[in-house]
Structures are given as structure tokens and as C-alpha cells.
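Coordinate inspection notes
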Amino acid sequence: MTRAQNRPLTLRDVSEASGVSEMTVSRVLRNRGDVSEATRQKVLLAAKRMGYVPNKIAGALASQRVNLVAVIIPSMSNMVFPEVMTGISRVLETSPLQPVVGVTDYQPEKEEKVLYEMLSWRPSGVIIAGLEHSEPSRAMLEASGIPVVEIMDTDGTPIDSAVGISHRRAGREMGRAILRAGYRRIGFLGTRLGADHRARKRFEGFTEALAKNGIEIAETEFYSSGSALGKGRELTEEMMKRRPDLDCLYYSNDIVGAGGLLWLMEQGYDIPGKLGLAGFNDVELLKGLPRKLATMDSCRGEIGRRAAEIILERVENPDLAPAGKVELSPKINFGDTLRMG
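Described in the following lines is the structure provided in the data block. Being a predicted model, the structure only gives us computed values, none of them experimental.

**What about the overall build of the protein?**
Along its length, the protein carries twelve helices and twelve strands. Relative to the compact-globule value of 20 Å for 341 residues, the protein shows a C-alpha radius of gyration of 25 Å, a clear excess of over 25%. Along the first, second and third principal axes, the C-alpha atoms of the protein reach 80 × 40 × 35 Å. Put simply, the protein has 341 residues, and 48% of those count as buried. The long-range share in the protein, meaning contacts at least 24 apart out of those at least 6 apart in sequence, stands at 67%. Here the protein holds 46 positive side-chain charges and 44 negative ones, and the gap between their average locations is 3 Å.

Okay, structure coming up:
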């Protein structure tokens with residue numbers, strides 16, 4: 001019997017190709033039932049040769065769940081999130097679960113739409129960036145009945161479980177380190193703080209640490225477009241022309257900070273003697289710079305791993321209680337751009 005062109009393969013096709021019953025094929029492909037190893041291999045080889053892919057949606061009609069984990073992040077161009085995805089993938093690759101990604105561009109309305117579409121597929125779990133969500137998004141997550149892990153941040157109350165760092169604490173620790181190093185006239189350069197809640201919390205922690213020592217931010221520069229080396233060069237030049245007396249610049253992320261560092265080196269600034277620099281994230285890609293930018297590790301890979309482990313444990317043990325908050329501890333790397341305090 002010849003299969004009609006463009007007709008999807010069925011269990012019957014695999015049954016005919018392997019010479020066993022459809023019921024046996026079904027048991028083998030679902031890894032269920034008592035089937036001899038020889039028969040199992042015969043079915044699997046036939047299915048592989050034919051390119052047969054089981055219809056998971058049909059199976060999900062009975063279980064009400066598919067073996068997908070919805071991963072919702074704000075950006076794929078930001079170098080932070082691919083490392084998170086790597087951590088998630090490495091945990092799930094040996095399990096039946098598969099991550100599927102949705103991108104929100106830091107827009108609450110887009111997060112609602114992505115979440116709605118993904119939950120309509122009845123995934124086994126959700127990993128979503130941040131603790132701040134619109135009321136409709138929060139309602140959907142609370143009503144989903146599946147494990148939800150909010151990642152990257154622990155400054156707030158999670159819906160179910162959260163894995164991340166305290167960004168306020170990260171900002172405070174960097175502020176204290178800069179003050180211990182003797183810097184006093186400090187500028188801040190970063191993303192507009194309305195949409196990027198984690199950058200806002202770092203800025204709040206940073207300014208709090210300075211205020212406790214009687215220091216105010218001397219100058220700020222905010223931007224709304226994506227982070228890039230060119231943006232860092234441009235903003236740093238503008239700030240230093242306005243305030244040549246600054247002795248330290250704190251950037252909301254390493255990419256913009258690296259652009260600033262390159263421009264300042266070209267201009268012959270004494271770094272870190274007369275001008276200190278610090279960023280955030282400890283991005284691997286930037287370790288080839290002429291000088292290592294001072295930064296703080298945001299534990300990206302570990303966040304992805306721990307989040308995926310929580311989902312996997314909860315799927316395998318549905319009665320397991322939520323993990324609550326899992327707060328990781330980032331470390332400052334002083335690199336070559338901050339004096340040691």
C-alpha cells in the first residue's frame with residue numbers, strides 16, 4: 001500500500017512497515033506495556049526510517065497536558081537570556097519535557113498574549129522572567145494549575161516559586177564597593193527604569209547605599225533602545241562632556257559599560273586611577289576586552305538550571321509543595337576598572 005503524498009503518517013503506516021499490530025506500535029511509542037526488546041527495536045527503527053512523529057496533542061486529550069515547558073522571556077537579543085535558556089535545556093534534555101520560548105520585548109500586553117497562547121496548549125509548567133506582571137497575566141498564571149517558576153528576581157512575592165537574585169542587594173553591594181574604593185562623584189548610565197524592573201531595583205539599591213554614606217548620584221543618563229556597545233560609547237561621551245569631574249561610572253549592564261570603556265580608553269582616561277567603571281551581568285563574551293570591566297555575576301546559567309529542576313521535580317511528583325524563593329548570591333568581580341577598596 002502506497003501512502004498518498006502529503007498525508008500525515010499514522011500508527012497504521014508504522015504498523016505495516018514493522019509488521020506488528022497498531023496496538024503494539026502505540027505501546028512502544030508511548031514506552032508502555034510489556035513488549036519484547038526485539039519488537040521494540042523493530043518498531044522504533046521503522047518509525048525512524050519513515051520520519052514518523054507521534055501526535056502528542058491526541059495523547060494530551062486524555063492527560064490534559066503536553067510535555068512542553070513554556071519559557072517566557074523579555075528578549076533573545078540580550079545576551080543574558082540565551083545563557084538562562086542553556087541552563088534550562090541542559091536539565092530538560094534528558095527528560096520527556098521540551099522548552100518552548102515566547103518573547104515579550106518587556107511589554108506587559110505582549111506578555112499577556114504570549115502567556116495566553118502558550119497556556120492554551122496546556123504545558124506541563126511555566127518558567128517566566130520577573131515578578132511583575134499585569135493583572136490578567138497574574139490571573140492566568142494563578143489559575144493554570146501547573147508549576148510556575150518566576151526567574152531572575154527575588155525582590156517580591158512569587159505566584160508559586162521563584163529563582164534568582166535580589167537586584168536591590170546587588171545594587172547595594174556594588175554601591176558599597178565603589179564607595180570603599182574611594183570614588184565619590186558617581187554617574188549612572190542605563191535603560192529607562194519603567195519597563196526593566198530589575199534594572200530599576202539595582203538602581204534603587206545602589207542609590208540607597210550611596211545615600212547612607214551621604215552621597216547622591218551626580219549625573220544620570222537613561223536610554224530606551226536596546227543595549228549595544230555603540231550606545232555605551234555615545235552615552236559615556238555625552239556624560240563626560242557634561243560632567244568631566246566624575247570619578248566613577250556605574251552602568252546598568254556590561255554591554256553598555258564595555259562601549260563606555262572602549263571610548264574612555266581611546267580618550268586616554270586613567271582607569272581605574274582617576275575614573276572607575278562598573279557594569280552588571282559578567283557577560284562571557286566581553287572577557288576578551290583589552291581590560292576586564294568590573295561587574296557582578298547574575299548567576300544566569302544556575303537560574304535556568306534550578307528553575308528547570310523545580311519544574312521537573314513538580315511534574316514527576318505532583319504533590320510536592322512549591323519551592324518558594326530560591327535566592328542565589330552573585331559575586332563582584334573587580335576586573336581592571338575599579339580600585340580595590
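**Quick notes on the environment of Glu 109**
Looking at where Glu 109 falls in the secondary structure, it is placed in helix H6 (residues 108–119). Taking the relative accessible area as the measure of exposure, Glu 109 reaches 53% and is therefore exposed. Along the chain, Glu 109 and Arg 90 lie 19 residues apart, while their C-alpha atoms are 30 Å from each other.

**Section: the pairing of strand E8 (residues 248–251)**
Working note: regular strand, side chains alternate between the two faces of the sheet. Neither face of E8 is exposed, since Cys 248 and Tyr 250 on one face and Leu 249 and Tyr 251 on the opposite face are all buried. Across four bridges, strand E6 (residues 186–191) lies against E8 in parallel orientation. Among the inter-strand pairings, Ile 186 is bridged to a residue of E8, identified as Cys 248. Across three bridges, E8 lies against strand E9 (residues 276–278) in parallel orientation. By the bridge assignment for E9, Leu 249 is matched with Leu 277. Remark: the E8/helix H11 (residues 254–266)/E9 crossover connection has right-handed handedness.

**Overview of empty space enclosed by the protein**
Overall, the coordinates contain one cavity of 30 Å³ or more when judged by the stated rule. Quantified by volume, the largest cavity comes out at close to 40 Å³. Looking at the largest cavity, the residues that line it are Asp 254, Asp 282, Val 283, Leu 286, Lys 292, Leu 293 and Thr 295.

**So, the packing of aromatic side chains**
This structure, assessed with the given rule, holds six aromatic pairs. Where Trp 263 meets Tyr 269, the ring centres are 6.1 Å apart and the plane angle is 40°; that geometry is what we call tilted. Above the ring of Phe 280, the side-chain terminus of Arg 202 is found at 3.9 Å from the ring centroid. In this arrangement the basic side chain of Arg 339 is found over the ring face of Tyr 183, its NZ or CZ atom lying 4.0 Å from the centre.

**A word on the pairing of strand E7 (residues 219–223)**
With burial as the criterion, only one face of E7 is covered, namely that bearing Glu 219, Glu 221 and Tyr 223; the residues Thr 220 and Phe 222 on the opposite face remain uncovered. The pairing of E6 with E7 spans five bridges and is parallel. For Leu 189, the partnering residue across the bridge sits in E7 and is Glu 221.

Cut-offs applied
Residues numbered from 1 in each chain as written. Predicted model: local features only at pLDDT ≥ 70, side-chain atom pairs only at ≥ 80, totals over all residues. Heavy atoms only, no water. Helix = DSSP H or I, 4+ residues; strand = E, 2+ residues; numbered from the N terminus. Rg over C-alpha atoms; globule rule 2.2 N^0.38 Å. Buried < 20%, exposed > 50% of the residue type's maximum accessible area, 1.4 Å probe, protein only. Contact = heavy atoms within 4.5 Å. Lys, Arg positive; Asp, Glu negative; His and termini not counted. Charge placed at Lys NZ, Arg CZ, Asp CG, Glu CD. Pairing = 2+ DSSP bridges. Right-handed = clockwise from strand over helix to strand, strands pointing away. 1 Å grid on protein atoms, 1.4 Å probe; cavity = no way out; pocket = protein on both sides within 12 Å on 5 of 7 lines; lining within 4 Å. Points joined across faces, edges and corners; volume = space filled by probe spheres on them. Phe/Tyr/Trp six-rings, centres within 6.5 Å; stacked < 30°, edge-to-face > 60°. Lys NZ or Arg CZ within 6 Å of the ring centre and 35° of its normal.

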